[in-house]
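# Structure assessment
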Amino acid sequence: MESIQAVRGMNDILPGQIEWWQKVERLAREVLENFGYREIRTPVVEKLELFSRGIGESTDIVEKEMYAFADRKGERLALRPEATASVVRAYIQHNLQADPITQKFFCLGPMFRHERPQKGRYRQFHQIDAEAFGSDDPMLDAEIMYMLRILLERLGLTGVVLHINSLGCPECRKTYRNVLREYLLKQADAFCPDCLRRRDLNPLRVFDCKVERCQSLLEAAPMLLDSICSDCAAHFDKVKIYLDGLQTSHVINPRMVRGLDYYTRTAFEVVTDQLGAQNAVGGGGRYNGLVRDLGGPDLPGIGFAVGMERLILLLQQGQEAQRRMPKVFLAALGDSARHKGFFLTQELRTLGIETEMDYEGRSLKSQMRRADRLNVGHVLIMGEDELAAGRIQLRDMNSKEQFLVPVEKAIEMLKESYLKTIRQDFFP
RNA sequence: GUGGGUGUAGCUCAACGGUUAGAGCACUGGGUUGUGGCCCCAGAGGCUGUGGGUUCGAGUCCCAUCACUCACCCCA
């Protein structure tokens, strides 16, 4: 019988790996909640139109990367390729602008894009996504980038750089677009075919080109940042001042363009050179027209997404995850001791002490070897002699000290050793 | 979607077109009738990614396909 494989580009996260995910998720919740963000979970499936309207009809994501399908009634649906559109949809649908508690949300979960998988790029990938609504104040822009920085620092990530840019408002962008297109037309034959295609579709994207010749030609090109309107320029200046005040180092990258249509004014990206062909660990920006465009009130918004796979790839470099291991191993000899041991194991677990035992009736040597591999602190050894006396051997695996004590006494001693730390694990 | 590289045991890798596809680590048992790490012995584990083809003979050569990987495209 042929075995069934996971779908291409969609990965299992196994024990040994999952510890990284748990750490990242725990710290993400902790940091984001500290900044006033509250978790929201939206469905993985949405109406196709949400994304084509929200992200932009001509973007690559919508044009060729979406998992789109019709359900049994013929409704056009899609697996979400990103979270912002969904969060905005929920915000509008539940009238959350009227909620006095929070206007800031975060969302952890899988996204889907039908691309060719490679290192740091998968068809199902996971994002930490944060969105804040209702204010256009540059304080919020600086704050959200500061929060991203703190999150990455708390995770222990180093060697990344924050790039920022301003994409202006729709008005200044429109005039700039024409200026740029004219510049590109003047030396049309010098650019690569990709750039010529970009020129007609979305001229800003030529700045993303990696062909050296194109880049050198672009050095003399007019910059969007130089031609944004005075309001946008003033906004960007304040963002930079607040960032400096927060001692959050950043480089101004006038060539950074983002692939989604909805961005306005501030755009930012956290980049690294250690992810192969991928360079973005996270990115985001302001989207002042999006809530309105999706049928809601005309409210500004700003957000970012961090790629969890990419984050974990960087965190992992050279480091093994701490694999979760039990604290106690129960070794039993003979059937009646094994029966008694089975119930004792459950009792210890119920008390909150992570305990493992052998179910196969193996030799004591084998059970001890397994206990050693599991790196437990203590082993309880119960044989016929101990059983008859109502006692049990309690062995400290580090000191190799071993005592014959009544079963109740052994339980008390294990509670003493492990229960406090267990409590801390569960209620940090 | 396009192009290159790679698929052999759970993992890391051997095997000139030619016996029964091997090693290390990991796993199981034993060396000690009831005690871990080191050591020694033994065992188990494979449709050589899958399907075709060439050949007397294919892990090895050819084609297709799937997966991984690198680059392009793009992004998290």
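Sequence positions are assigned chain by chain, starting from 1 and proceeding in written order. Each chain takes a letter, starting from A, and each ligand takes a number, starting from 1, following the order in which they are written. In keeping with the predicted nature of the model, local features appear solely for residues at pLDDT of at least 70, side-chain atom pairs appear and are counted solely at 80 or more, and the whole-chain, interface and lining totals rest on all residues. Just so you know, side-chain values use all the structure's heavy atoms and leave hydrogens and water out.

Attention shifts here to the sheet that holds strand 10 (residues 278-286). DSSP calls a pair of strands paired once it identifies at least 2 bridges connecting them. Only DSSP runs of H or I with at least four residues qualify as helices, and only runs of E with at least two residues qualify as strands; both kinds are numbered from the N terminus onward. Taken together, the eight strands give an open sheet; going across it, the order is 1-5-6-11-10-9-7-8, and neighbouring strands pair in mixed fashion. Two strands bound the open sheet, and with one partner strand each, they are strand 1 (38-39) and strand 8 (251-252). Pairing of strand 10 with strand 11 (residues 301-307) involves five bridges; the strand directions are antiparallel. Bridged to Gly285 within strand 11 is Gly303. What makes two residues a contact is simply this: any of their non-hydrogen atoms within 4.5 Å. Axis definition: a line fitted to C-alpha atoms, over the contacting stretch in the case of helices. Angles run 0 to 180 degrees between N-to-C directions. The sheet contacts of helix 12 (residues 308-316) involve strand 6 (124-133), strand 9 (264-275), strand 10 and strand 11, and relative to strand 6 the element is tilted by about 110°.

Below, the discussion takes up the nonpolar core. What tends to happen in soluble globular proteins is that the nonpolar side chains get buried as a cluster. Counting residues in hydrophobic clusters, the biggest one holds 93 residues, and the most contacted among them are Ile128 and Leu311. Sorting elements by how many residues they give to this core places helix 5 (residues 138-154) first, with nine residues. In this structure, Ile128 is in contact with Val24, Ala28, Leu32, Cys107, Leu108, Leu151, Phe304, Ala305, Val306, Met308 and Leu311, ignoring residues within four places of it in sequence. By nonpolar core we mean a set of buried residues, namely Ala, Val, Leu, Ile, Met, Phe, Trp, Tyr and Cys, connected to one another through side-chain atoms within 4.5 Å. Type-normalised accessible area, obtained with a 1.4 Å probe on protein chains alone, sets the label of each residue: buried when under 20%, exposed when over 50%, and partly exposed for intermediate values. With 19 residues, the next largest nonpolar core counts Ala337, Leu344, Ile353 and Met357 among its residues.

Expected span, for any helix, means 1.5 Å times one less than how many residues it has. Counted at 1.5 Å a residue, the expected span for helix 10 (residues 230-245) with its 16 residues is 22 Å, and the 22 Å between its end C-alpha atoms agrees. Listed as buried for helix 10 are Cys232, His235, Phe236, Val239 and Leu243. Taken around the axis of helix 10, the buried residues stretch over an arc of 95°, which confines them to a single face. Those residues of helix 10 that are exposed and aimed more than 90 degrees away from the buried face are Ser230, Asp231, Ile241, Asp244 and Gly245. What the arc covers is the set of directions going from the helix axis to the C-beta atoms.

It is common to report an interface's size as the accessible area lost on association of the parts. The source of the domain bounds is an automatic or database domain assignment. What the domain assignment reports for chain A is domain 1 (18-169 + 228-316) and domain 2 (328-426). For domain 1 versus domain 2, the separation of C-alpha centres amounts to 49 Å.

A few words now on the pairing of strand 9. With 10 of 12 residues buried, strand 9 is to be regarded as a mostly interior element. As defined by bridge partners, strand 7 (residues 161-166) adjoins strand 9 across six bridges and the pair is classed as antiparallel. Residue pairing across strands places Leu162 opposite Val270, the latter belonging to strand 9. As defined by bridge partners, strand 9 adjoins strand 10 across seven bridges and the pair is classed as antiparallel. Across the sheet, residue Ala267 finds its bridge partner in strand 10, namely Gly285. The antiparallel pairing of strand 9 with strand 10 creates a hairpin that spans two residues between the two strands, and Gly276 there sits at a positive phi of about 65°.

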